[in-house]
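Spelled out from the first residue to the last, the chains are:
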Amino acid sequence: MTAIDTTTALTVRKVTGRIGAEVSGVDLNRELDDATVAALRAAVNEHKALVFRDVDLDDAGQERFARYFGELTSAHPTVPSQEGTPNVLPVDSENGVANHWHTDVTFVLNPPQLSTLRSIVVPPYGGETLIANSAAAYRDLPAPLRAFADNLWAVHTNDYDYAVAPESLDEEARQRRSVFTSITYETVHPVVRVHPLTGERGLYIGGFAQRIVGLSAGESRDVLRQLQSYVTRPENVLRWRWAPNQLVLFDNRITQHYAIDNYDGLPRRLNRVTVAGDVPVGIDGTSSHSVKGDASHYSPLATAAAVGAAQG
């Protein structure tokens, strides 16, 4: 029988003042008891991103760990999974880079609640992942700007120039973009999302947020740029330098992340597994709504009650 870990030796150490903690004393290859899972959920609620060093996991192990927090999504709404593992998305430098700030898959109605990344191939230098605390960003807003943001809604879509203009893409990159946009999604989310477990308010924008409802394209760009500048303040950002056999778990509801393209085209690969989430809710209790695209094949719908139950 698989041994069961307890919380006895679990240690959580902050990495920065506003985001990130390193967890030790828990073996992710073992079956975790409810108390340990609850402790990890509490830690990710507080620190937004958890880092585990020296994990000895394969894809199945990563999936097993992610399932402690809820049902899994498939790899991606449009991008193929790793062969034979429908829940695993290879984040591979050979398939392009994601060097823009974003929250995973916010163009669907119920984006993932949690994301896990596991290091497979690490370049000898560079290749860090930045993770930003969007709740701290919201708290940083001056009161008039915060009140303005509270009432805004944004259209999120996958059908836009993903990091680079289309005319600058080579044939391979154009093909990847064609796959990424093979189903067009548009969803309207609150610019300020209320976290279903902590009640914290966070700026829910990022790269897939393309337009503010009721504003012109130019006005939308200005507003989003202003709000985004608070998310990416250095004080709100964890810069994680990958090493072999590491796993990072982060709360996709209240963070953004960015993969830095600073490793000279060397091989870099992380495997991603994500946990199904609930429909975002704004401060007035109104939920997000879908405009275009059915993502039911990608993710089951987690209710807020189910997310709370998974907390333990």
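It should be noted that the structure appears before, not after, this text.
Worth saying up front: this structure is predicted, and the values here are computed from it rather than measured. (Residues numbered from 1 in each chain as written. Predicted model: local features only at pLDDT ≥ 70, side-chain atom pairs only at ≥ 80, totals over all residues. Heavy atoms only, no water.)

J.: Quick question: what am I supposed to make of the sheet that holds strand β8 (residues 129-133) here?
T.: The strand order across the open sheet built from 3 strands is β14-β8-β16, with neighbouring strands paired in antiparallel fashion. Whereas interior strands pair on both sides, the edge strands pair on one side only; in this sheet they are β14 (237-240) and β16 (255-259). Going from strand to strand, the sheet's axes swing by 20° on average, the running direction of each strand aside. Of the strand pairs in this sheet, β8 and β14 are connected by 4 bridges, and their pairing is antiparallel. When the bridges of β14 are listed, Thr-129 appears paired with Trp-240. (Pairing = 2+ DSSP bridges. Helix = DSSP H or I, 4+ residues; strand = E, 2+ residues; numbered from the N terminus. Axes fitted to C-alpha atoms, helices over the stretch in contact; angles between N-to-C directions.)

J.: When you look at the pattern of salt bridges in this model, what are you seeing that I'm missing?
T.: Side chains that carry opposite charge are capable of pairing whenever their charged atoms lie near each other. Under the defined criterion, the tally for this structure stands at 14 salt bridges. For Arg-53, the salt bridge identified is with Glu-22, shortest N-O distance 2.8 Å. You can see Arg-53 sitting in the loop between β5 (49-52) and α2 (59-67) and its partner Glu-22 sitting in strand β3 (residues 21-24), a full 31 residues away along the chain. The class of Arg-53 is partly exposed, set by a relative accessible area of 40%. Overall, Glu-22 belongs to the buried group, its relative accessible area being 13%. Salt-bridge contacts for Asp-140 lead to Arg-233; the nearest nitrogen and oxygen are separated by 3.9 Å. (Salt bridge = Lys/Arg side-chain N within 4 Å of Asp/Glu carboxyl O. Buried < 20%, exposed > 50% of the residue type's maximum accessible area, 1.4 Å probe, protein only.)

J.: I tried to follow the sheet that holds strand β2 (residues 11-14) on my own but got confused; where do I start?
T.: In sheet architecture, strand pairing relies on hydrogen bonds along the backbone and comes in two forms, parallel and antiparallel. Across the sheet, which stays open at both edges, the 7 strands sit in the order β2-β3-β5-β15-β7-β17-β6 with mixed pairing between neighbours. Looking along the sheet, the strands with just one partner apiece sit at the ends: β2 and β6 (89-92). With strand direction ignored, the average angle separating the axes of adjacent strands in the sheet is 25°. As paired strands, β2 and β3 are joined by 4 bridges and run antiparallel to one another. Paired with Arg-13 across the bridge in β3 is Glu-22. Against the sheet, helix α1 (residues 34-47) touches β2, β3, β5, β7 (114-121) and β15 (247-251), its axis set at about 125° to β5. (Contact = heavy atoms within 4.5 Å.)

J.: What is the right way to read the packing of aromatic side chains from this model?
T.: Note on aromatic pairs: each is described by the distance of the centres and the angle between the planes. Taken as a whole, this structure holds 5 aromatic pairs when the rule is applied. Judged by centre distance (5.6 Å) and plane angle (75°), the ring pair of Phe-52 and Phe-65 falls under edge-to-face. Note that Phe-52 is positioned in strand β5 and Phe-65 in helix α2, a separation of 13 residues in sequence. Take Phe-52 and Phe-65: they sit in the same class, and that class is buried. With a centroid separation of 5.5 Å and 50° between ring planes, the pair formed by Trp-101 and Tyr-258 is classed as tilted. Here Trp-101, found in the loop between β6 and β7, pairs with Tyr-258, found in strand β16; they are 157 residues apart in sequence, far enough to count as distant. For Trp-101, a relative accessible area of 17% gives the class buried. A network of ring pairs unites the aromatic residues Phe-52, Phe-65 and Phe-69 as a single cluster. (Phe/Tyr/Trp six-rings, centres within 6.5 Å; stacked < 30°, edge-to-face > 60°.)

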